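# Structure assessment
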Amino acid sequence: MKPQRVTISKILKKYDLCQYCTSRMFSKLDDTPTSKLLIKKHVKKFNKSPNHTCYICKNIFKNFDSLLTNIYEKLDYVDFKTFNLGLTLKPSILERDDHVKSKFKIKGIENIKFGISSELIKKISQKTSSKRTNDDPDLFIQANLKNDSCFLRTKPIFVYGRYNKKIRKLAQKQVSCINCNGIGCHNCNFTGLKNIETIEGKISTFLIEKFVANQVKINWIGGEDQSSLVLGNGRPFFATIVNPRKRNRILRKSSDLNGVYLSELRKLSVQPKGSIPFKSEVTITIDTEKVISQNQLKKLSILENIKIHNTSKDKKGISKKIYKVGYKKLGKTSFSLDLFADGGIPIKSFIQNSDLSPNVSEILENHCKCKKFDFKNIII
Ligand SMILES: [Zn+2]
Ligand SMILES: [Zn+2]
């Protein structure tokens, strides 16, 4: 008798093993007809009696039904073509697998976790006509065989778009609930957010409902005041849609969200990295402390093609360029200023005496206040 055959019979004498565990355990041992027969006999005997419990897996391969039912039920709501699977197993299964392998010095065979995984992947692929992949799958399934539960996570969808804001008194960003500081409480209906209408809220709700997602994170290309309008082609934004279940939904190019108009909407295959430089065309209405004359306003021409520096400690070194300037006297103590400039200039600070150098108050030697500002265009 070959020593390997001795091993097979020894193992089978000592441990009751199921069909899956025997074929795995003996895959690297000899496959002579005698050995094959030995294994076949054992498996036949094992399968015949319902009382046999596999020493290693405790018949886990026969008990996938409850887990698979749970998985299929959740998958019903998910659009996907590719998936990957993560497994949580009782450590004792892995320990018993290792124990048998080390006791009989069996090397180079797949471990039990891999075996269970392959079996589940086969079943899920067949049932859902999908493919398993390691490479950025649409869906990740984390299955827990300790309690037959599962958890699904889908690949995020990235969306680009622009918004026009046609009504004043609508803040851009959501604000944390003052009561709970964003944790969630009865006051905020456990959203963690202050219950006000915002552009972020409107866009998020629209995209969450569209893709049946958990959350939307927006990367803004600049910002505006609550009372500012955003005109022209609108302000661009990038949104990350977290855990979208309906991934295949068609996103129309435009959408009217009651005061906020979305355009140029499209799905992106990758998320843009880093901050995106942009330029804005903005019209500012300014009130002055002292009476202002047309002649004095001419001083503002020096702003054309100069750089604005921030002299405050934490923002030193940041400079933004102004490309074009236009102004118009509106009344004794008011005028409008048109700027075409790099994005990200804090408009209110630029008008008042501030850390920005130069600023409008400084140039005019007249204390100025920004009454309102509207964006006519944002260019990226
Ligand atoms: Zn087994
Ligand atoms: Zn709250």
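Residues numbered from 1 in each chain as written. Chains lettered and ligands numbered in written order. Predicted model: local features only at pLDDT ≥ 70, side-chain atom pairs only at ≥ 80, totals over all residues.

## Remarks on the overall build of the chain
Within the chain, the secondary structure is distributed over ten helices and 15 strands. On C-alpha atoms alone, the chain measures out to a radius of gyration of 33 Å, which is more than a quarter above the 21 Å that the 2.2 N^0.38 rule sets for 380 residues. In the chain, the share of contacts with a sequence separation of at least 24, taken over all contacts with a separation of at least 6, comes to 71%. (Helix = DSSP H or I, 4+ residues; strand = E, 2+ residues; numbered from the N terminus. Rg over C-alpha atoms; globule rule 2.2 N^0.38 Å. Contact = placed C-beta atoms within 7 Å.)

## Details of the sheet that holds strand β3 (residues 139-144)
Taking strand neighbours across the sheet as the criterion, the four strands line up as β2-β1-β3-β4 in an open arrangement whose pairing is mixed. Pairing within the sheet leaves two strands with one partner each, and these edge strands are β2 (131-132) and β4 (149-154). Looking at chain direction, strand β1 (residues 82-88) and β3 are connected through six bridges and run parallel. In the strand pairing of β3, L85 is matched with I141. Running at roughly 30 degrees to β4, helix α4 (residues 65-75) makes contact with β3 and β4 of the sheet. The strands that helix α6 (residues 112-128) touches are β1, β2 and β3; relative to β1, the one it contacts most, it runs at about 145 degrees. (Pairing = 2+ DSSP bridges. Axes fitted to C-alpha atoms, helices over the stretch in contact; angles between N-to-C directions.)

## Let's talk about the environment of L75
When you line up the elements, L75 lands in helix α4. Residues L75 and K36 lie 39 residues apart in sequence; the distance between their C-alpha atoms is 40 Å.

## Examining the domain arrangement of the chain
By a frequent convention, interface size equals the accessible area lost on bringing the separate parts together. Parsing the chain into structural domains produces domain 1 (3-154), domain 2 (157-268) and domain 3 (279-379). Centre-to-centre separation of domain 1 and domain 3, based on C-alpha positions: 70 Å. (Domains from an automatic or database assignment.)

## What about α6?
Compared with an ideal rise of 1.5 Å per residue, which puts 17 residues at 24 Å, α6 spans 24 Å between its outermost C-alpha atoms and is within 8% of the ideal. Taken residue by residue, α6 has I112, G115, I116, L120 and I124 as its buried positions. All buried residues of α6 fall inside an arc of 160 degrees around its axis, so they share one side. Along α6, exposed side chains directed more than 90 degrees from the buried face belong to F114, K122 and Q126. Taken together, the buried residues of α6 touch α2 (19-25), α4, β1, α5 (91-103) and β3. (Expected span 1.5 Å × (residues − 1). Buried ≥ 20, exposed ≤ 12 C-beta atoms within 10 Å, placed from the backbone. Arc of directions from axis to C-beta.)

## Remarks on unusual backbone geometry
At the junction of S357 and P358, the peptide bond is cis and its omega measures out at -5 degrees in the coordinates. Among the secondary structure elements, P358 is positioned in the loop between β14 (356-357) and α10 (360-364). One non-glycine residue, D148, adopts positive backbone phi at about 60 degrees. Position of D148 relative to the elements: it lies in the loop between β3 and β4.

## What to know about the nonpolar core
In this structure, Y163, L207, A239, I241, I284, I286 and I351 are the most contacted members of the largest nonpolar core, which totals 37 residues. Split by domain, this core shows at least three residues from each of two domains, domain 2 (157-268) and domain 3 (279-379). Contact partners of Y163, with chain neighbours within four places excluded, come to I199, I203, V230, G234, R235, F237, V260, Y261 and L262. Ranked by size, the runner-up nonpolar core spans 30 residues in total, among them I11, F26, F80 and I112. (Core = buried A, V, L, I, M, F, W, Y, C linked by C-beta atoms within 7 Å.)

## Notes on the environment of N147
By the element assignment, N147 lies in the loop between β3 and β4. In this structure the C-alpha to C-alpha distance between N147 and K328, which are 181 residues apart in sequence, comes to 72 Å.

## Considerations on the pairing of strand β12 (residues 319-331)
Relative to β12, strand β11 (residues 306-310) is paired through four bridges, and the arrangement is antiparallel. Note that in β12 the partner of I306 across the bridge is I322. Where β12 lies against strand β13 (residues 334-342), eight bridges are found, and the strand directions are antiparallel. Its bridge partner being in β13, V325 is matched across the sheet by L339. Here β12 hands over to β13 after two residues, the two strands then running antiparallel side by side.

## So, the environment of V100
Residue position: V100 is located in helix α5. Residue V100 is classed as partly exposed on the basis of its 18 C-beta neighbours within 10 Å. Linking V100 and N179, residues 79 residues apart in sequence, is a C-alpha distance of 58 Å. Setting aside residues up to four positions removed in sequence, V100 forms contacts with I11, Y15, M25 and I56.

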